[in-house]
Amino acid sequence: MPSPVSRLLPALFRLLGARREFAEPEAMLRGVQDRMVRPVPYGPPRGLRSVEIEVDVHHDTGWPVYRVLPRRRTPTRAAVYVHGGAWVNQIHPLHWRLVAGLAARSGTAVTVPIYPLAPVGTAATVVPSVADLVAALVDRYGAGQVAVLGDSAGGQIALSAALLRRDRGEPPLHRTVLISPALDLTLANPEIDLVEPHDPWLARPGTRAAIELWRGDLPIKDPLVSPLFGDLAGLGPLTVFSGTRDITSPDTRLLVSRARAAGVQVDHHEEAGLVHVHALLPVPEGRRARRLMASLLDS
């Protein structure tokens, strides 16, 4: 059962109009155009756990790639965090707070790519570059010391990158951690019909408009776009966080079932009545998820 504060989230999201762009394709496309004209700042907020972490940035990939390091421990593990935002929204302060907390608590060096948003960035260009970032960390730390994490659209990119690494013959990672991931971008799972009326944030019409920008020239069932259509065998351990008031949850259950059938070790943490990416939010269930993520990175 959701905590008292989490039970308030659906009403709050509706009051804030969080669903507007996702419910209306025209609103989604207007928002994309507005953000291309007036880009949203992407740097970490000032004072972000400054006593516990330090941050640097490089542009070797052509994008800003930040590194968040713990001050009190020399990191022996590394991770890549891929932010969500329907492929068309910039990284949010909540993402930065999650990353800072993970670095400080687990002693992990966390790399955060500021990938180009759709339609400039597409699955065909972004996913391989994220896989390359992971490979560079594996060369430095070893595959058993590297994780990849992502939420929502970033979860899609993270899992697609993990599958691409596997297809390249690269060794499995320490762990892949997915928070409310987008997995099948056809959005055709019939169980979504049952969830969508109760999701206060996401809806399919506007999401489909963003998906069309993101997939570019690739077929929608290409694993670079929809990792649920990929062969899951050979992945390292997988941890998934989801909530039942979220249209991504039906496909999350399919991922868990298929991954286990393929021999992948999976931990699934589903919270009844919780909304999309609740693990990022300032609610008790979110704090519990963040503590678990830090312990997984440090294990």
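Presented here is a report on the structure given in the accompanying data block.

Conventions we followed
All residue numbers refer to positions counted from 1 along the written sequence of the respective chain. Local features in a predicted model are, by the rule used here, given only for residues with pLDDT of at least 70; side-chain atom pairs are given and counted only at 80 or more, and totals for whole chains, interfaces and linings are based on all residues. Think of the side-chain values as coming from all heavy atoms in the structure, minus any hydrogens and water. Note on conventions: DSSP H or I runs of at least 4 residues are helices, E runs of at least 2 residues are strands, and numbering of each starts at the N terminus. Each residue is placed in one exposure class: buried if its accessible area under a 1.4 Å probe, protein chains only, is under 20% of its type's maximum, exposed if it is over 50%, and partly exposed if it falls in between. We score Asp and Glu as negative and Lys and Arg as positive, and we do not count His or the chain ends. Should a side-chain nitrogen of Lys or Arg be within 4 Å of a carboxyl oxygen of Asp or Glu, the pair is scored as a salt bridge. Think of a polar contact as two N or O atoms within 3.5 Å of one another; within protein, one of them needs to be a possible hydrogen donor and the other a possible acceptor, and neighboring residues in sequence only count if both atoms come from side chains. The arc in question is traced by the directions running from the helix axis to the C-beta atoms. Here a residue-residue contact requires only that any non-hydrogen atoms of the pair lie within 4.5 Å. The pairing criterion for strands is at least two bridges between them, as found by DSSP. Think of it like this: strands point away, you trace from the first strand over the helix to the second, and a clockwise trace means the crossover is right-handed.

## Looking at the side chain of Asp-184
Stage number 1. Take Asp-184: it is sitting in the loop between strand S6 (175–179) and helix H8 (192–195).
Stage number 2. Here Asp-184 sits buried without a salt bridge, and the closest side chain of opposite charge, Arg-258, lies 6.6 Å off (N-O distance).
Stage number 3. Engagement of the side chain of Asp-184 in a polar contact is seen with the side chain of Thr-186, the distance being 2.6 Å.

## Some details on the pattern of salt bridges
Stage number 1. Applying the stated criterion across every chain, the model contains 15 salt bridges.
Stage number 2. Its salt-bridge partner being Asp-193, residue Arg-204 comes within 2.6 Å of it at the nearest N-O pair. Of this pair, Arg-204 sits in helix H9 (residues 204–215) while Asp-193 is found in helix H8, placing the two residues 11 residues apart along the sequence.
Stage number 3. The buried category is assigned to Arg-204, whose relative accessible area is 12%.
Stage number 4. Given the relative accessible area of 44%, Asp-193 is considered partly exposed.

## Considering helix H2 (residues 9–16)
Stage number 1. Buried within H2 we find Leu-9, Pro-10 and Phe-13. Viewed end-on, H2 has its buried residues packed into an arc of 100 degrees, placing them on one side of the element. Along H2, the residues that are exposed and aim more than 90 degrees away from the buried face are Ala-11 and Leu-15.
Stage number 2. On the buried face of H2, the contacting elements are helix H1 (4–7), strand S7 (238–245) and strand S8 (266–275).
Stage number 3. Within two residues after H2, Gly-17 carries a phi angle of roughly 70 degrees, on the positive side.

## Brief notes about the pairing of S7
Stage number 1. With respect to burial, S7 is a largely interior element, 6 of its 8 residues being buried.
Stage number 2. In the sheet, S6 pairs with S7 via 4 bridges, with the strands oriented parallel. Bridge pairing in S7 places Thr-176 opposite Leu-238.
Stage number 3. One crossover worth recording links S7 to the parallel S8 by way of helix H10 (residues 249–261), and it is right-handed.

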